[in-house]
Amino acid sequence: MSRVCAVSGKKALSGNKRSHSLRATRRKWNVNLQKVKVMIDGKPQRIRISARALKTLKAEQAGK
């Protein structure tokens with residue numbers, strides 16, 4: 001299973017790790033994925049969603 005948010009489509013970012021002497025080695029920043037039960041078409045389903053998208057969904061739900 002890949003590290004992709006089911007709602008926003010966010011993926012892992014890549015870049016360089018820099019040591020004190022500024023040598024560059026490749027590294028990865030993974031997405032903060034959470035497993036959440038969500039109602040989809042009236043059925044509860046477990047999806048992997050980023051923490052940022054989860055926070056947004058909860059804010060929208062509270063505003064209703």
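Here the structure is shown first, and the text comes after it.
No experiment lies behind these values; they were computed from the predicted model shown.

Caption draft 1: Focus on the nonpolar core. Residues Cys5, Val31, Leu33, Val36, Ile49, Ala53 and Leu54 constitute the largest nonpolar core, which totals seven residues. When residues of this core are traced back to their parent elements, those giving at least two are β3 (33-40) and α1 (51-63). Sequence-distant contacts of leucine 33, that is, excluding residues within four places in its chain, are made with Arg3, Val4, Cys5, Arg48, Ile49 and Ser50.

Caption draft 2: View of the pairing of strand β4 (residues 43-50). Bridge count between β3 and β4: eight bridges; the pairing is antiparallel. Looking at the pairing, lysine 35 lines up with arginine 48 of β4. Taken together, β3 and the strand that follows it, β4, pair antiparallel across an intervening segment of two residues, in which aspartate 41 is found at a positive phi of about 55°.

Caption draft 3: Representation of the environment of proline 44. Structurally, proline 44 is set in strand β4. Setting aside anything within four residues of it in sequence, one finds proline 44 in contact with Val38 and Met39.

Caption draft 4: Spotlight on unusual backbone geometry. The backbone of leucine 22 shows a phi angle near 65°, a positive value even though the residue is not glycine. Note that leucine 22 resides in the loop between β1 (13-18) and β2 (24-29). By relative accessible area, which is 59% here, leucine 22 ends up exposed. Even without being a glycine, aspartate 41 presents a positive backbone phi close to 55°. Residue placement: aspartate 41 occurs in the loop between β3 and β4. Look at aspartate 41 and you get exposed, because its relative accessible area is 77%.

Caption draft 5: Looking closely at the pairing of β1. Relative to β2, β1 runs antiparallel, the two being bridged by six bridges. Its bridge partner being in β2, lysine 17 is matched across the sheet by threonine 25.

Caption draft 6: Just the environment of isoleucine 47, in detail. Assignment of secondary structure puts isoleucine 47 in strand β4. Separated by ten residues in the primary sequence, isoleucine 47 and lysine 37 place their C-alpha atoms 6.4 Å from one another.

The rules behind these values
- Residues numbered from 1 in each chain as written.
- Predicted model: local features only at pLDDT ≥ 70, side-chain atom pairs only at ≥ 80, totals over all residues.
- Heavy atoms only, no water.
- Core = buried A, V, L, I, M, F, W, Y, C linked by side-chain atoms within 4.5 Å.
- Buried < 20%, exposed > 50% of the residue type's maximum accessible area, 1.4 Å probe, protein only.
- Helix = DSSP H or I, 4+ residues; strand = E, 2+ residues; numbered from the N terminus.
- Contact = heavy atoms within 4.5 Å.
- Pairing = 2+ DSSP bridges.

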